[in-house]
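A structural walkthrough
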Amino acid sequence: MYTSHEDIGYDFEDGPREKKTHKPNPNIDGGWAWMIVLSSFVVHILIMGSQMALGVLNMEWLEEFHQSRGLTAWVSSLSMGITLIVGPFIGLFINTCGCRKTAIMGGILNALGWVLSAYATNVHYLFITFGVAAGFGSGMVYLPAVVMVGQYFQKRRALAQGLSTTGTGFGTFLMTVLLKYLCSEYGWRSAMFIQGAVSLNLCVCGALMRPLTPNETQSKKDLKNKDGERELKLPLSHSTESIKSNGHLNKTEEKEDGPVKEEMLSNSPAPESKGKDKVQHGKNMYALRILKIVSQLTIRVRKGFWDWYSSYFGTASLFTNRMFVAFIFWALFAYSSFVIPFIHLPEIVKLYNLSEQNDVFPLTSIIAIVHIFGKVILGIVADLPCTSVWNVFLMANLSLVISILILPLMHTYASLAAMCALIGFSSGYFSLMPVVTEDLVGIEHLANAYGIIICANGISALLGPPFAGWIYDITQKYDFSFYICGLLYMVGMLFLLIQPCIRLKEQPRKKYMEGTHV
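Just so we're clear, the structure is a prediction, and the values are computed from it rather than from any experiment. (Residues numbered from 1 in each chain as written. Predicted model: local features only at pLDDT ≥ 70, side-chain atom pairs only at ≥ 80, totals over all residues. Heavy atoms only, no water.)

Remarks on the overall build of the chain
Counting secondary structure elements, the chain contains 23 helices and 2 strands. For the chain, long-range pairs separated by at least 24 residues make up 83% of all intrachain contacts whose partners lie at least 6 apart in sequence. Total accessible area on the chain stands at roughly 25600 Å², and carbon and sulfur atoms take up 66% of it. (Helix = DSSP H or I, 4+ residues; strand = E, 2+ residues; numbered from the N terminus. Contact = heavy atoms within 4.5 Å. Areas by Shrake-Rupley, 256 points an atom, 1.4 Å probe, with all protein chains shown as cover.)

Below is the structure:
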């Protein structure tokens, strides 16, 4: 839907249909594709990395506004949740404007949200400026960054996605250190203002997202030539009419319309009126161009909306794919288990009186660093011909569930660090999510399908941190929140495990029915 045959990577030469040959696009799996990976890598640093480091700002907000942990956690969860929840709606922007323009607009909106949040007077103000504005801007950049990598790679998709999404780990480590330094030196308000300026680099990342349209330049030239010919025809026809109106008529017309000619000559316009006619003509041409642009934009928006609508609610609905629906249910429960440690670990460490050790090397930084290696290693393993991406994905999920359930039992810095390292490595499966999604629905539906998946993840991220905060306000412990989220995570995994079994049972039945029809 988002990609034509050029986008997939093949240039079709002009000629008869029988003799059409195709050659691979040099930018597929190489060339500009690595610039797309770099752009996506920086996007993950500035968006996902900064969101995973919000635990630093969360403690500052608790001290500044003196609100409950559950209410204050809504600021971080809104930002992370809306970034992912708006995924399906960002698909409409991509259909209409393309990935590049969508990402640039999102970068501006994200930076504006950070800057406005520096002037917050209460938590509810942050809900709007940081949670909604910055979150929506992040979503407008994040989805195009993931989709573009999927379009530019075919053979090494898992590795490319793994390398680009390692920006989350690097960003979490860098942004945690940066925000801590800025908050201690300048205060949290100045820190958010500076971070807003840094976020403008998202516009540069969006500018690098060049679409895969190798024949675009030639088609644009053809359109320009056609427009030039149309514009030339208009002045010519107008000039002939003006010549006739000024009395330069041929002999036949002169014989037939002698009195009319004399009247026209007597009423011939003066030089001043000619100048006015030229100005009026210029205004008419300008108005026609504006109407042409508006009509083209209207057609483009209608087409983009129809493609977006038909993908979700039309005959080619993604929800008819039962395996994809099971994948959505998994995403609804999975992401909160990964987000809660990032938001609440700084305070958990403080409750365990481990702040001094954590200041030397934060536990969230351990998750971030190991997360980098997890994404790269899992991406390499998934690309091996002897392994299945699906099996690697499931094993990583199982490991993450176990580590989440064990984490509340650890009360020393060393044991917490070990569990955080396991969480960081297991969560490397995020690099496989676009690959698994593409295998389920195909490259043409990747943007819409992945938008739905990250929307489900966004709902999980939106509800997870406030839920953990409320559990603490009731029980004065974070342990129960980890147990409940871990159990819900296991329920989501059951949806993924049940569907292949149902499919295997249905295959012999279909073969039998086909045999009976024969």
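Structure's up, so let's keep going.
Some thoughts on the confidence of the model for the chain
In the predicted model, the chain carries a mean pLDDT of 75, and the fraction of residues at 70 or more is 74%. Under a pLDDT of 50 for its full length, residues 1–22 has, in the predicted model, 53 contacts with residues more than four places off or in other chains. Contacts from residues 215–256, a stretch scored under 50 in pLDDT, to residues over four places away or in other chains number 16 contacts. (pLDDT = per-residue confidence, 0-100.)

What about the packing of helix H2 (residues 33–52) against helix H7 (residues 123–152)?
Packing of H2 against H7 brings their axes to within 9 Å, and their N-to-C directions diverge by 150°. The angle between H2 and H7 falls in the class roughly antiparallel. In this structure, the crossing between H2 and H7 has a hand that is left-handed. Residue-level contacts link Ala33, Ile36, Ser40, Val43, His44, Ile47, Met48 and Gln51 of H2 to Ser138, Val141, Tyr142, Ala145, Val146, Met148, Val149 and Tyr152 of H7. (Axes fitted to C-alpha atoms, helices over the stretch in contact; angles between N-to-C directions. Parallel < 35°, antiparallel > 145°, perpendicular 65-115°, else oblique. Left-handed = near helix turned anticlockwise from the far one by under 90°.)

Points about the environment of Phe430
Relative to the helices and strands, Phe430 resides in the loop between helix H20 (413–426) and helix H21 (433–441). For Phe430, a relative accessible area of 10% corresponds to the buried category. When residues no more than four places from it in sequence are discounted, the contact partners of Phe430 are Tyr335, Phe338, His371 and Lys375. (Buried < 20%, exposed > 50% of the residue type's maximum accessible area, 1.4 Å probe, protein only.)

Side note on empty space enclosed by the protein
Summed over all chains, the structure comprises 3 cavities of 30 Å³ or more. Looking at the largest cavity, its volume works out to about 150 Å³. Going through the elements one at a time, H2, helix H16 (322–351) and helix H22 (446–475) are the ones with two or more residues in the lining of the largest cavity. Partitioning the lining of the largest cavity into residue classes produces 10 nonpolar, 4 polar and 1 charged. Both domains that meet at the lining of the largest cavity, namely domain 1 (25–211 + 298–314) and domain 2 (316–506), each give it at least three residues. Taken as a whole, the second largest cavity holds about 60 Å³ of empty space. The wall of the second largest cavity is formed by Leu345, Ile348, Tyr352, Leu407, Pro408, Met410, Leu416, Tyr478, Asp479 and Phe482. Taken together, the elements giving at least two residues each to the lining of the second largest cavity come down to H16 and helix H23 (479–517). (1 Å grid on protein atoms, 1.4 Å probe; cavity = no way out; pocket = protein on both sides within 12 Å on 5 of 7 lines; lining within 4 Å. Points joined across faces, edges and corners; volume = space filled by probe spheres on them. Nonpolar A, V, L, I, M, F, W, Y, C, P; charged D, E, K, R; others polar. Domains from an automatic or database assignment.)

Describing the side chain of Ser460
For Ser460, the position within the fold is in helix H22. Apart from the residues within four sequence positions on either side, Ser460 is in contact with Ala331, Leu332, Phe333, Ala334, Tyr335 and Ser336.

Focus on the nonpolar core
Among the nonpolar cores identified, the biggest contains 124 residues, and Trp330, Phe393 and Tyr429 are the most heavily contacted of them. Top contributing element to this core by residue count: H16, with 16 residues. (Core = buried A, V, L, I, M, F, W, Y, C linked by side-chain atoms within 4.5 Å.)

Some words on the layout of surface pockets
Rolled over the atoms, a probe sized like a water molecule indicates the empty space that remains. Of the volumes computed, that of the second largest pocket is approximately 320 Å³. Secondary-structure elements contributing two or more residues to the lining of the second largest pocket are helix H3 (54–65), helix H9 (167–186), H16, helix H17 (355–360) and helix H18 (363–383). Considered class by class, the residues forming the lining of the second largest pocket number 10 nonpolar, 5 polar and 5 charged. Of the residues that make up the lining of the second largest pocket, three or more belong to each of domain 1 (25–211 + 298–314) and domain 2 (316–506).

Let's talk about the environment of Ile343
Tracing the backbone shows Ile343 in helix H16. Considering only alpha carbons, one finds Ile343 and Gln51, 292 residues apart in sequence, at a separation of 9.1 Å. In contact with Ile343, other than residues within four places in its own chain, are Gln51, Leu54, Gly55, Asn58, Ser76, Met80 and Pro465.

Notes on the packing of aromatic side chains
Taken as a whole and judged by the stated rule, the model has 15 aromatic pairs. Relative to Trp188, the ring of Phe65 lies with its centre 5.9 Å away and its plane at 70°, an arrangement referred to as edge-to-face. Here Phe65 is found in helix H3, whereas its partner Trp188 is found in helix H10 (residues 188–199), with 123 residues between them in sequence. Here Phe65 falls in the buried class, since its relative accessible area comes to 11%. An angle of 20° between the planes, with centres 4.7 Å apart, marks the rings of Tyr472 and Tyr478 as stacked. Among the residues examined, Tyr478 registers a relative accessible area of 4% and is labelled buried. Grouped by ring-pair contacts, the aromatic residues Phe327, Trp330, Trp390, Phe393, Tyr429 and Phe430 constitute a single cluster. Positioned above the aromatic ring of Trp32, the side-chain terminus of Arg210 is 4.3 Å from the ring centre. (Phe/Tyr/Trp six-rings, centres within 6.5 Å; stacked < 30°, edge-to-face > 60°. Lys NZ or Arg CZ within 6 Å of the ring centre and 35° of its normal.)

Focus on a nonpolar patch on the surface
On the surface, Tyr181, Tyr186 and Ile194 cluster together into a nonpolar patch covering about 320 Å² of accessible area. Summarising the element assignment, Ile194 is placed in helix H10. (Patch = residues over 30% accessible without salt bridge, like charges linked within 9 Å, V, L, I, M, F, W, Y side chains within 5 Å. Salt bridge = Lys/Arg side-chain N within 4 Å of Asp/Glu carboxyl O.)

Some thoughts on the packing of helix H5 (residues 87–97) against H7
Contact geometry of H5 with H7 gives a least axis separation of 9 Å together with a crossing angle of 65°. Relative to H7, the element H5 lies roughly perpendicular. The hand of the H5/H7 crossing is right-handed. For the pair H5 and H7, contact is made by Gly87, Ile90, Gly91, Phe93 and Ile94 and by Phe136, Gly139, Met140, Leu143 and Pro144, respectively. Class assignment for the residues of the contact of H5 with H7 results in 7 nonpolar, 3 polar and no charged.

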